[in-house]
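Here are the chains, one letter per residue:
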Amino acid sequence: MARPRSVYACTECGGQQPRWLGRCPECGAWNTLVEEAVGGAGGSAGVSGLHVSSAEAGKPLRLGEIQADGAPRMETGIPELDRVLGGGLVPGSVVLLAGEPGVGKSTLALQIAASARSDAPILYVTGEESAEQVRMRADRLPGFPADLLVLPETQVEALAAPWREHDPAVVIVDSIQTLRSERVESAPGSVAQVRESAALLAAAAKRHGAALVLVGHVTKEGAIAGPRVLEHMVDVVLGFEGDRQHPFRLLRASKNRFGSTQEVGVFSMGSAGLEGVENPSELFLAERRGGAPGSCIVPLLEGTRPMLVEIQALVAPAGYGTARRTCLGVDDARLALMLAVLDRRTDVDVLSRDVYVNVAGGVRSGEPGADLGLALALASSRLDKPLPTDVAACGEVGLGGEVRRVGRIDLRVREAVRLGFHRVLLPERVVAEARPPAGAELISVGEVADAVRWLRAQA
Ligand code: TYD
Ligand code: MG
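Being a predicted model, the structure only gives us computed values, none of them experimental. (Residues numbered from 1 in each chain as written. Chains lettered and ligands numbered in written order. Predicted model: local features only at pLDDT ≥ 70, side-chain atom pairs only at ≥ 80, totals over all residues. Heavy atoms only, no water.)

Break down the state of the cysteines for me, citing the residues and quoting the values.
One pass over the full model with this rule turns up 0 disulfides. Unpaired in terms of disulfides, Cys296 finds its nearest cysteine sulfur in Cys394, a separation of 9.8 Å. Note on Cys296: relative accessible area 1%, which makes it buried. Counting only cysteine sulfurs, Cys296 is the nearest neighbor of Cys327, a cysteine outside any disulfide, at a range of 16 Å. Since its relative accessible area comes to 15%, Cys327 is described here as buried. (Disulfide = S-S within 2.5 Å. Buried < 20%, exposed > 50% of the residue type's maximum accessible area, 1.4 Å probe, protein only.)

This is how it looks when you write it as structure tokens:
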């Protein structure tokens, strides 16, 4: 049987099919299969693996005899980034920095170049912006990196010579979607191109012992544009998130071969680029006006970091027709659920009303721990009764109206108390077991109805 000379790769998920299909059987997307040649990019698996151990090929080692003194690290000089990376960049490894257009990837990349603790040069390959544009951006940022090598280039093969000549410690490619390799015929940004380019670069990084940072765009759906296949080829995947209308940015690792994926970095985008935020709660609550109905403070957990956010709700009489539901920063489904629970399990009547919910500061709360705070904010607005200014709430709410425990209550309560929220409404079971920090008062709620009763009883 003749071997197929080409395969069809899905531009959404990277899945490969032997023949063209209208719909990708792996991810279900329509009309996303494109033809690509077999060979080229295909052999890229494993290129990014960093430590080729001292083992002879094909000879297994005893686990106890393998030396693992931890990967050497190069600090980026950006503590919030180093925290997420697990200590810094690892030479020979590949980091994918992914995010929506405009979130600040190029800015972060340039700030890495400006502050990385390295004696060897840093090479910044720009496929999107001209060298002048990079210079103009750098002028705005703290710590002008005068020695940074800037190379406007989109041809991967053309990077070999400058790479060899300067032997950089860090190579930043902005963005991987703009690169193309002459070994593949399809257009830049296609799966085949991105995969081939990334594979070639990763192999070069490994060979030269450089840390490679690939900037990658993600689409609105959150897929790293086209090729999710990149995620498998790199050592670390960093997602940069944030609402462009607000200054806050969160950096998370969704994959990290050299560290935990539990850490998040918090940044604030200002006129001089990104600044690390050590105390996110203080920033999120800076503009809070206590004492208004419909507002509740919630200690969320991002990775291992507690952050206080303010959930705001406005319950208003509905006009004609169906009641409006608008939420920012909270999942629609979560809001719908909470409204139904309030309706069925308490005496707060919200179902027929217009409801608006917002998490102040452009934060997104995807956490069930915010349920109780959301319910309280809704009830507070509906009853036109503000929560006391020193109160926070945390707990997941079930369909029966029961309030359930969530992880790391100790961290959350400590953060609340640190910022002056001395009274925290918590699930019953947690309060029974907890040892509250000095000055804290834990208020136990078994059901949402308890919380509403407590709110009504406040002066
Ligand atoms: P950018 O890094 O270009 O985003 P990406 O590479 O992810 O597409 O930055 C996006 C936005 O950040 C841009 O709209 C301008 C803004 N910005 C600042 O607010 N302050 C700054 O110092 C810089 C450099 C950019
Ligand atoms: Mg950019």
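Once you've had a look at it, read on.
Residues and numbers for the packing of aromatic side chains, please.
Taken as a whole, this structure holds 2 aromatic pairs when the rule is applied. When the centroid spacing of 6.0 Å and the interplanar angle of 90 degrees are considered together, the rings of Phe240 and Phe267 count as edge-to-face. Here Phe267 lies in strand S11 (residues 264-270) and Phe240 lies in strand S9 (residues 236-241), a separation of 27 residues in the sequence. Phe267 gets classed as buried once you look at its relative accessible area, which sits at 1%. (Phe/Tyr/Trp six-rings, centres within 6.5 Å; stacked < 30°, edge-to-face > 60°. Helix = DSSP H or I, 4+ residues; strand = E, 2+ residues; numbered from the N terminus.)

Can you lay out the nonpolar core for me, pointing to particular residues and giving the numbers?
Within the largest apolar cluster, 48 residues are counted, with the highest numbers of intra-cluster contacts made by Val357, Leu372, Leu376, Leu378 and Leu425. Ranked by residue count, the leading element in this core is helix H9 (residues 371-383), at 7 residues. In terms of domain composition, this core takes at least three residues from each of domain 2 (72-276) and domain 3 (283-456). Each residue touching Leu372, except ones within four places of it in the same chain, is listed here: Ala393, Cys394, Gly395, Val397, Val403, Leu425, Val445 and Ala451. (Core = buried A, V, L, I, M, F, W, Y, C linked by side-chain atoms within 4.5 Å. Domains from an automatic or database assignment. Contact = heavy atoms within 4.5 Å.)

Can you break down H9 residue by residue, with the values?
Counted at 1.5 Å a residue, the expected span for H9 with its 13 residues is 18 Å, and the 18 Å between its end C-alpha atoms agrees. In terms of burial, H9 is largely enclosed, as 11 of its 13 residues are buried. Those residues of H9 not exposed but buried are Asp371, Leu372, Gly373, Leu374, Ala375, Leu376, Ala377, Leu378, Ala379, Ser380 and Ser381. At the C-terminal side of H9, Asp384 shows a positive phi close to 55 degrees. (Expected span 1.5 Å × (residues − 1).)

Before we move on, could you go through the sheet that holds strand S5 (residues 122-126) and cite the residues and values that matter?
What the 9 strands build is an open sheet, ordered S6-S5-S7-S8-S4-S9-S10-S11-S12; its pairing is mixed. In this open sheet, the two edge strands, each paired with only one partner strand, are strand S6 (149-152) and strand S12 (273-276). Sheet twist, expressed as the average angle between the axes of neighbouring strands with direction ignored, equals 25 degrees. Where strand S4 (residues 94-99) meets strand S8 (residues 211-217), 6 bridges bridge the pair, whose relative direction is parallel. (Pairing = 2+ DSSP bridges. Axes fitted to C-alpha atoms, helices over the stretch in contact; angles between N-to-C directions.)

With reference to specific residues and values, describe unusual backbone geometry.
For the bond from Asp174 to Ser175, the omega torsion is 0 degrees, close enough to zero to count as cis. Within the secondary structure, Ser175 is located in the loop between strand S7 (170-174) and helix H5 (191-208). The residue Asp384 is not glycine, and still its phi comes out positive at about 55 degrees. Note on placement: Asp384 falls in the loop between H9 and strand S17 (391-393). We classify Asp384 as exposed; its relative accessible area is 57%. Positive phi, close to 50 degrees, is recorded for Arg408, a residue that is not glycine.

Can you explain the pairing of strand S14 (residues 305-316)? Please cite residues and give values.
The element S14 is extensively covered by neighbouring structure, given that 9 of its 12 residues are classed as buried. As paired strands, strand S13 (residues 295-302) and S14 are joined by 8 bridges and run antiparallel to one another. By the bridge assignment, Leu301 is partnered in S14 with Pro306. A loop of 2 residues connects S13 with S14, the two strands running antiparallel in sequence, and Gly303 in this loop sits at a positive phi of about 65 degrees. As paired elements, S14 and strand S16 (residues 354-359) share 6 bridges and run antiparallel to each other. Bridge pairing in S16 places Val315 opposite Val355.

Let's hear about the site of ligand 1: which residues, and what values?
In the vicinity of ligand 1 there are 15 residues, among which Gly102, Ser106, Thr107, Gly270 and Gly273 approach most closely. Separating an oxygen atom of ligand 1 from a backbone N or O atom of Val103 is a distance of 3.4 Å. Between ligand 1 and the protein, one listed contact pairs an oxygen atom with a backbone N or O atom of Gly273 at 2.7 Å. Against a free-state accessible area of 560 Å², the protein chains account for coverage of 75% of ligand 1. Residues of the shell around ligand 1, tallied by class, amount to 4 nonpolar, 7 polar and 4 charged. (Near = heavy atom within 4 Å. Polar contact = N/O pair within 3.5 Å; in protein donor to acceptor, adjacent residues only side chain to side chain. Areas by Shrake-Rupley, 256 points an atom, 1.4 Å probe, with all protein chains shown as cover. Nonpolar A, V, L, I, M, F, W, Y, C, P; charged D, E, K, R; others polar.)

Just give me the short version of the pattern of salt bridges, but keep the residues and values in it.
This structure, assessed with the given rule, holds 22 salt bridges. We note a salt bridge from Arg117 to Glu75, for which the minimum N-O separation is 3.2 Å. With Arg117 in the loop between helix H2 (105-115) and S5 and Glu75 in the loop between strand S3 (33-37) and helix H1 (79-85), this residue pair connects regions lying 42 residues apart in the sequence. The partner of Arg305 in a salt bridge is Glu80, and the shortest N-O contact between them spans 2.9 Å. In this pair, Arg305 sits in strand S14 while Glu80 sits in helix H1, placing the two residues 225 residues apart along the sequence. The network of salt bridges with common partners includes Glu80, Arg83 and Arg305. (Salt bridge = Lys/Arg side-chain N within 4 Å of Asp/Glu carboxyl O.)

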